[in-house]
Amino acid sequence: MLNMSDVETICTFTLDGLFLGISVGEVHEVLLAQTLTPVPLAHPVVAGLINMRGQIVPVVDLRRVLRLPARADDAPPPVHVIVRNGHDLMSLLVDQFGDVLELEARLFTPPPDTANADTKHLFRGAYQLPLKLLLVFDTQHAIEAIVSQAGSKVLRGVT
Amino acid sequence: MPHDQEYLREFVVECREGLDRIDNVLVALEVNPGDKKGLDTVFRALHTIKGNAGFLDFAKLGAIAHAGESLLSQLCGGKLKFNAEIADVLLRTMDAIRGTVAEIEANGTEGVSDFDALKQELAKWTASASDETSNAGSQPVPAPTPTAPPAPANGPRPSQSDLPYTERTILSDPELPLPAPTATFTKPPPQVVSPVQKADVGKSPEPPAVAASNTESEDSWSTSTIGTKTTEPELSTFIRVQIDHLDDLMNLVGELVLARNRIVQIVSSRQDDELTEPIQRLHRLTAALQDGVMRTRMQPVRNAWRKYPRIVRDIAKQCGKLCEVELQGGDTELDKSMLEAIAEPLVHLVRNAIDHGIEKPYIRKIKGKPETGRLLVRAFQESGQVHIEVSDDGAGLDMERIRKKVVDAGMLTPEKAMLASETDLRNSVFLPGFSTADQVTNLSGRGVGMDVVKTCVEQIGGTIELQTRKDVGTTIRLTVPLTLAIVPAIMVSCGRQRFAIPQINVVEMLRLRGDDKRQACEQFHDTPVLRLRGELLPMADLCIKLGVRSQCDVTLREALDILVLKTGTRRFALLVDEIGDPQEIVVKPLGELLARQTEYSGAALMGDGTIALILDVLGIARSSGLLTDEQTMLSDSVTIHDEVPRLDEQVLVCQVDGERQIALPLADVVCLEQVPSTTIEHSLTGDVMQYRGDILPLYQLSRKPLSFPGELSAGLMSVVIYRAAKHQLGLLVDRIIDVAPRPVDLRPAELAREIDSRCRVIATAVVLGRVTDFLQVS
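Given the structure is predicted, the values throughout are model-derived calculations rather than measurements. Within every chain, residues take consecutive numbers counted from 1 along the sequence as written. Whichever chain is written first becomes A and whichever ligand is written first becomes 1, with later ones labelled in order. With pLDDT at 70 or above as the cut-off, local features in this predicted model cover only qualifying residues; side-chain atom pairs require 80 or more to be listed or tallied, and sums for whole chains, interfaces and linings still use all residues. Heavy atoms from the whole structure form the basis of all side-chain values; hydrogens and water molecules are not counted.

## Here's the deal with the sheet that holds strand β5 (residues 55-61) of chain A
All names here are of chain A.
Okay, so step 1: With mixed pairing, 5 strands are arranged side by side in an open sheet as β3-β6-β7-β5-β4. Taken across any chain shown, the strands that pair with only one partner, and hence form the sheet edges, are β3 (27-31) and β4 (46-52). For this sheet, the mean inter-axis angle between neighbouring strands, taken without regard to orientation, is 30°.
Okay, so step 2: Strand pairing requires that DSSP identify at least two bridges connecting the strands. In this description a helix means any DSSP run of H or I spanning at least four residues, a strand means any run of E spanning at least two, and both kinds are numbered starting from the N terminus. Here 4 bridges tie β3 to strand β6 (residues 79-85), and the two strands are oriented antiparallel to one another. Each residue of the ladder has a partner; that of Leu31, found in β6, is His80. Helix axes are fitted to C-alpha atoms over the stretch in contact, other axes to C-alpha atoms as well, and angles between N-to-C directions run from 0 to 180 degrees.

## Examining the pattern of salt bridges
Residues and elements named next belong to chain B.
Okay, so step 1: Throughout this description, the term salt bridge denotes a Lys or Arg side-chain nitrogen within 4 Å of a carboxyl oxygen of Asp or Glu. Here the structure, examined in full by the defined rule, presents 38 salt bridges over all chains.
Okay, so step 2: Measuring nitrogen to oxygen at the nearest pair gives 3.5 Å for the salt bridge that ties Arg98 to Asp20. Residue Arg98 is located in helix α4 (residues 84-107), and its partner Asp20 is located in helix α1 (residues 5-31); the two are separated by 78 residues in the primary sequence.
Okay, so step 3: Burial classes: relative accessible area under 20% of the type maximum marks a residue as buried, over 50% as exposed, and values in between as partly exposed (1.4 Å probe, protein chains only). Asp20 gets classed as buried once you look at its relative accessible area, which sits at 9%.

## Description of the confidence of the model for chain B
Residue and element names in this part refer to chain B.
Okay, so step 1: Confidence of the predictor at the level of single residues is captured by pLDDT, which takes values from 0 to 100. When pLDDT is averaged along chain B, the result is 73; 75% of the residues meet or exceed 70.
Okay, so step 2: The spread of mean pLDDT over the elements of chain B runs between helix α7 (residues 217-229), the lowest at 37, and strand β19 (residues 611-615), the highest at 92.
Okay, so step 3: Overall, residues 438-448 carries pLDDT values under 50, and its contacts beyond four positions in sequence, including any with other chains, amount to 23 contacts.
Okay, so step 4: Only heavy atoms matter for contacts: two residues are in contact if any of them lie within 4.5 Å across the pair. Note on residues 707-713: pLDDT under 50 across the span, and 7 contacts to partners over four residues away in sequence or across chains.

## Examining the side chain of Thr474 of chain B
All names here are of chain B.
Okay, so step 1: Mapping Thr474 onto the fold places it in strand β8 (residues 473-481).
Okay, so step 2: A polar contact of 3.3 Å, which involves the side chain of Thr474, links it to the side chain of Thr468.
Okay, so step 3: Apart from the residues within four sequence positions on either side, Thr474 is in contact with Val390, Ser391, Asp392, Gly396, Leu397, Gln467 and Thr468. Any pair of nitrogen or oxygen atoms within 3.5 Å is treated as a polar contact; in protein, a donor-acceptor pairing is required on top of that, and neighbouring residues in sequence qualify only through side-chain atoms on both sides.

## Overview of the interface of chain A and chain B
Okay, so step 1: Contact residues are listed per partner, giving 27 residues for chain A and 21 residues for chain B.
Okay, so step 2: Accessible area, probed at 1.4 Å, shrinks when two parts are joined; the buried area is that loss added up over both. Together, the buried faces of chain A and chain B total about 2000 Å²; carbon and sulfur atoms form 64% of this surface.
Okay, so step 3: Taken as a group, Pro40, Leu41 and Ile56 of chain A account for 29% of the area that chain A buries against chain B, more than any other trio of residues on that side.
Okay, so step 4: Counting across the chain A and chain B interface gives 0 salt bridges.

## Brief notes about the packing of aromatic side chains
Okay, so step 1: In this scheme Phe, Tyr and Trp rings, the latter by its six-membered ring, pair at centre separations within 6.5 Å, and the angle between planes marks the pair as stacked below 30 degrees, edge-to-face above 60, and tilted otherwise. Under the criterion given, the structure shown has 4 aromatic pairs over all chains.
Okay, so step 2: Summarising the aromatic geometry, the rings of Phe123 of chain A and Phe137 of chain A are spaced 5.5 Å apart at their centres and angled 85° between planes, so their arrangement reads as edge-to-face. Of this pair, Phe123 of chain A sits in strand β10 (residues 123-128) while Phe137 of chain A is found in strand β11 (residues 133-137), placing the two residues 14 residues apart along the sequence.
Okay, so step 3: We classify Phe123 of chain A as buried; its relative accessible area is 15%.
Okay, so step 4: Consider the rings of Phe11 of chain B and Phe58 of chain B, whose centres lie 5.7 Å apart with planes at 25°: the pair is stacked. With a gap of 47 residues between them, Phe11 of chain B in helix α1 and Phe58 of chain B in the loop between α2 (36-55) and α3 (59-76) connect regions that are remote in the sequence.

See the structure below:
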């Protein structure tokens, strides 16, 4: 567990009213609107591919992963949070990018036992901020879960 | 004592190179024991290893190398004659050194073995030399024979380019030492392979070279160094480079190419004349750079063959067989990663050929073949791909035996096996767990064989073909792309998206309109099929397949773009919205997230920065139900032919005069066109047609007077664009029928006659069930 005196730097973003964060060390970079090439027949969480300076990066729609409603057509273009997946890169698609916050570890709490079993493992816990909770992504676990989910054939072709 | 890692690594690499070279020369010496230069080579290479070992304080290694060197110095001095037993003990010495080097590489120490027995054996031979000399003291010393026929050391050597393409085993590779050993350890100048003389097997061995001048090893040093200097590349022109650096460079250049494409595209839309010149220059330079970087990764196939002479010798010995190997086309170049990928499978094929293919000498004698079996390993480049063949003149595949094994292994029921065609049986060789060896030897017979070879070859986008005839031999041909990185592809569109299909999978492309469309696209019950020259091909619609559209009414579309694709021996048709241009694409992997998307083999960045997915033809076929799993297993990337057809063995069959059938060599056909008859224009030199910015002379193959050109196909004429000498010629025919293999028993027509000054009938034979004239057009 974190030491009481630790301060963690978190990149924050929003997703359908949720306030989410990823530890700053895990974020490779953040990109604004990109041309998305769809991959027909791929798992619904895979939104497509983008060309990041000559590198082809797969894009995962976090709304799909967290089972949130699809983005409205007139919504502002989504933001790509690029994270590392082993040697590869992966983009996590979010609604809007927020501030980078320095947070004291004592504000951190692990997820409650009653959290949704399907998505609980995606989060490391939450920071209790004055106005709302900041859910912190467990990036490595989440990526593993997404990859194994995308690989499963059961949901193939569902859109 | 801690050794500098860098030094150690170089030492290991250098030792290995030396050992490989020694192996080959020793094997060659077995056949041609009189070869003085070969002995010198071995002596020098071993001397270098000994020197380096001493430098790095590897005492055991030094000692065994020294023992070997002593024996060699006797051999070099002519005090002892080279024989098979000596070859054997020396080869075992090399194995001991190789083992120790491996130990050093792994642990940094020499390991425990002292090789005492081996050293004693070496010493015994060395001592026998001294006895021989003392005994021989009274015998007359053979006179020096400066006229010795091959005298390779001093005689003029053919320059590299003059050497015939073929090399026989017995000559060690003439330009073997690729990288120059750095001078780190080497006290003497870096050793060079002395080429053992060429193809001298048949001749009597060289009279023992004598002498005074040669007993001193240092002397022979200088002689051969001078002797070879003229043909060996300057050693200082090589440097060793980490392969990672080349990979990085390759990637950077790939991106540079894409960036250039983007700029070229933007500029071409702006019509800025000032920019045109520098852009062209950028274009040229980038292309040259890309080519150059690609070439740094290319390696001659020979590098993978280096160990073959030794392998062949050892395996043949263990199996009690006689075998000589011939290596052809070692200069053929292949991307390093491809070469590494096929190196092991190739060794396996070589091993199989000797163990299973070539018969024991007495059996060969009964069959009336020479006792020594022949193994031919050959590489060549054809239509952007590298072909590597391993052929033996052995027993060929025994169908009855395979039938029995297939049943025994439970792969087929006896009833099914009885009914199985020869092709199916031969295919079963590639199934996992198949082996015809009656007993498991340490060479082969474990049944982990051809299926692994097949998998390896498939993984790099290659195919494998097998050709066999009982008692005549077996040929296995691997076909692999030159490089994995850049692939020629056909772009197709589907909905608003573009996809790339590797050209290797494309057989032909069709655009069907009007009547053609109605005739060609039909339903077999509820399955769409394509009727193509009498054949029914299953057809899939890419858009429906990819879920871009749920249905598509072919009758509504004005024209249909259809690709005929192949995977292994299976062919199927794929309907797309539009067939675009061919393009060279840089393949990028899709990564873990999309790894199970078998419909795609990767993605490529296009010139405008967009991404195109690369379709995996096998995956598409399989997931569309066009191939059952069983078929896939048998046919997937395995092609079996009785005779592997080559371009020059195929003919294009056409119809002329409304009924006569003629054939033209396919190799000379550039392309086929259908043009409206109004395209034909007339000049004083005859009928011509404008074709790709040129004036193409036309030649009518029909003998009947040409009143209504192409009346048979409603104003459309079929033109065969034909390469005759250096020029292209358009041959007018009524109809193009098909491509067919050239009959094997084609004999020159007795009535070979000229139709006119341009065209003559060279043969007549039955092709596709009809009498056909084989034409030669000049």
